[in-house]
Every structure is written in structure tokens, then in C-alpha cells.
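Single-letter residue listing:
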Amino acid sequence: MPGSTIHVVFFDIDGTLVDHAGASRAGALGLFDRHRDRLTDSDERLLQRWDDLTEVHFDRYLRGETSYAGQRRERVRGLFHVTPNEMPDAEADEIYAVYREIYEQSWGVFPDVIDTLDALAGLRLGVITNGGSVHQRQKLAGVGALDRFAAVVASEDLGVAKPDSKIFTAACEAMGAPPSACLHVGDRLEVDAIGARHAGLTGVWIDRRNEGPGPANVEWITSLTELPALVFER
């Protein structure tokens, strides 16, 4: 495939390296079990509400409308249909801690991750993530992958989030490489692949649910096992 030689490969974390959805489901179900006296809907309806609340309030965090802790508290309050007056921060934090404990115990990488990282070992590898800096590093350490990456660039550290070009540019600068020599792969088409492409990197959409193909200006794969060939054939 024609194009600039790739020297640096960046990865998204959740949904790309780590099975966030599976861990989140386990954590949410544990939370529901702990509060059956207050959560009377079916598990599937509660899971859908939790996922919807997560998307809404995490996006608010990314836009700077709430803090990282604040989006967690609002997700809990939305699940229980209460206001801040009815559920103070301390109570929301205590309830969220139940979810987080089980969520963290359930962290795991997708089956295609380790072999792919091994195949790319000759390149410099990094992470670009929309999330809390400490939390995301703990996640990578928890699945035994943190030492694989020369840089972990988190939106919390920079005050900007994907798809803003600034976070991609900062990641390239941290690795001492021009965007044209860098590739970023992630599971969110607009946020990861198209965002990276707009910043001058090669953008790759990892489409684990095989919903593509994506647009012509980004690469499309359905498994990370396809990534080494895409990188080395350029």
C-alpha cells in the first residue's frame, strides 16, 4: 500500500485493546444486584439506561461541561432517577465504587491484542485515550500491557480530547515523530480514525462488529490481527 513509512503506532484503549463493554456489563450487573430494592427494572433495561447515561455524561465531560468525577456521579443519579439534593456526592461516589470494583476485576484484553503487539514490537507504540490519566494507566497495568507503550497521552492531561487534532499532534510530538509517520487505531470511527486522519496521521478504524466499510480516507479492519500487514506493507 503506498504512503509514508509508519514508525509509530498509537492505540485507543477501551473497545480497541481492552474489552471495556464486557467489563462494564459485569460491573453494572454487580451494582444492580447490590441495589435490587431500589432498581426494579429488568437487567437489560437497566443496562441500556446505564450505557445511555455513560455516553451522555462522558461526552459532557469531554466537552468540559463537568468533571471526571462529576460525570460518574451523574450516571449514578440518572440510574436511580434522583437529583443532587436527593443523592449527595458522597453517596453517589459510594455507589459508583461498587461498579468500579467489579469493573476493574473484569478488565481483560481482546484475544487479538497480545499477538498484534508482539508483531509490532519493532516499532514505537503509544496510546491516545479520552479518559482519566491515572485510571487509564491503571487499566493498562491491570491487563499487563502498560510496559508495551512508550507514551500514554490522556485527554485529562491535555485538556483536549479526540477527535480534536491537538491531542493527536501532542502525541506525535511526545514520540518525536511527524504525523505522517504515525498511525492511530481505535474503535470509534469519527473520534479515532477520522480524527487521526484530520490531524495528518493514518487513521484506522477497528470495526469489531463488522459494520463497515468506513470512508475511503481511513483504513478499515475488523481485527487487530490485520494491523501488522497494513503497517508494514505501506
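Up top is the structure these notes are about.
What comes next is a walk through the structure. (Residues numbered from 1 in each chain as written. Predicted model: local features only at pLDDT ≥ 70, side-chain atom pairs only at ≥ 80, totals over all residues. Heavy atoms only, no water.)

So, on to the sheet that holds strand β5 (residues 202-206). Strands sit in the order β3-β2-β1-β4-β5-β6 across an open sheet of six strands; the sheet is parallel. Bordering the open sheet on either side are β3 (151-154) and β6 (219-221), each of which pairs with just one other strand. The mean inter-strand angle of the sheet, taken between neighbouring strand axes irrespective of direction, is 25 degrees. Note that strand β2 (residues 124-129) and β3 share four bridges and pair parallel. From the neighbouring strand, Ile-128 faces β3, where its bridge partner is Val-153. Lying on the sheet, helix α8 (residues 165-174) is in contact with β1 (8-11), β2, β3 and β4 (182-186); it crosses β2 at an angle near 155 degrees. (Pairing = 2+ DSSP bridges. Helix = DSSP H or I, 4+ residues; strand = E, 2+ residues; numbered from the N terminus. Axes fitted to C-alpha atoms, helices over the stretch in contact; angles between N-to-C directions. Contact = heavy atoms within 4.5 Å.)

For the rest of this paragraph, the subject is the pattern of salt bridges. Counting across every chain of the model gives 20 salt bridges. Residue Arg-73 pairs with Asp-89 through a salt bridge whose shortest N-O separation is 3.5 Å. Of the two residues, Arg-73 sits in helix α3 (residues 68-80) while Asp-89 sits in helix α4 (residues 89-105), which places them 16 residues apart along the sequence. Within the structure, one salt-bridge network assembled from shared partners comprises Arg-73, Glu-74, Arg-77, Asp-89 and Asp-93. (Salt bridge = Lys/Arg side-chain N within 4 Å of Asp/Glu carboxyl O.)

What follows is about the packing of helix α2 (residues 43-62) against α3. Closest axis-to-axis distance for the α2/α3 pair is 9 Å, and the angle between their directions is 150 degrees. What the angle tells us is that α2 and α3 run roughly antiparallel. Viewed along their axes, α2 and α3 form a crossing whose handedness is right-handed. Contact residues: Leu-46, Arg-49, Trp-50, Leu-53, Thr-54, His-57, Phe-58, Arg-60 and Tyr-61 in α2; Tyr-68, Gln-71, Glu-74, Arg-75, Val-76, Gly-78 and Leu-79 in α3. (Parallel < 35°, antiparallel > 145°, perpendicular 65-115°, else oblique. Left-handed = near helix turned anticlockwise from the far one by under 90°.)

We now examine the side chain of His-135. Within the secondary structure layout, His-135 lies in helix α6 (residues 133-142). One polar contact links His-135 to Arg-100, side chain to side chain, over a distance of 3.3 Å. Look past the residues within four positions of His-135 in its chain and what remains in contact with it is Tyr-68, Arg-72, Arg-100, Tyr-103, Glu-104 and Trp-107. (Polar contact = N/O pair within 3.5 Å; in protein donor to acceptor, adjacent residues only side chain to side chain.)

Let us now look at the packing of aromatic side chains. Applying the stated criterion across every chain, the model contains eight aromatic pairs. On the basis of an interplanar angle of 85 degrees and a centroid distance of 5.8 Å, the ring pair of Tyr-103 and Trp-107 is categorised as edge-to-face. Considered together, Tyr-103 and Trp-107 belong to a single accessibility category, that of buried residues. Through pairs of rings, three or more aromatic residues link up here, namely Trp-50, Tyr-96, Tyr-99, Tyr-103 and Trp-107. Sitting above the plane of the Phe-110 ring, Arg-208 keeps its charged end 3.8 Å from the centroid. (Phe/Tyr/Trp six-rings, centres within 6.5 Å; stacked < 30°, edge-to-face > 60°. Buried < 20%, exposed > 50% of the residue type's maximum accessible area, 1.4 Å probe, protein only. Lys NZ or Arg CZ within 6 Å of the ring centre and 35° of its normal.)

Both faces of β1 are covered, namely the face carrying Val-8 and Phe-10 and the face carrying Val-9 and Phe-11. As judged from the four bridges shared by β1 and β2, these two strands associate in the parallel manner. Within the sheet, the bridge partner assigned to Val-9 lies in β2 and is Leu-125. Pairing of β1 with β4, which is carried by four bridges, proceeds in the parallel orientation. Looking at β4, one finds that Val-8 is bridged to Cys-182.

Moving on, we come to the nonpolar core. If you look at the biggest cluster of nonpolar residues, it comprises 47 residues, and the most contacted ones within it are Val-9, Phe-11 and Leu-227. With six residues, the top contributor of residues to this core is α4. Core analysis: the second largest hydrophobic core is formed by 15 residues, Val-8, Val-153, Met-175 and Ala-199 among them. (Core = buried A, V, L, I, M, F, W, Y, C linked by side-chain atoms within 4.5 Å.)

What follows concerns unusual backbone geometry. Residue Pro-163 is bonded to the preceding Lys-162 through a cis peptide linkage, with omega at 15 degrees. Structurally, Pro-163 is set in the loop between α7 (155-158) and α8. Here the amide bond leading from Gly-212 into Pro-213 is cis, since omega sits at 10 degrees, within 30 degrees of zero. Residue placement: Pro-213 occurs in the loop between β5 and β6. Phi is positive for His-81, which is not a glycine, with a value near 55 degrees. Here His-81 is to be found in the loop between α3 and α4. Despite not being glycine, Asn-210 shows a phi value in the positive range, around 55 degrees.

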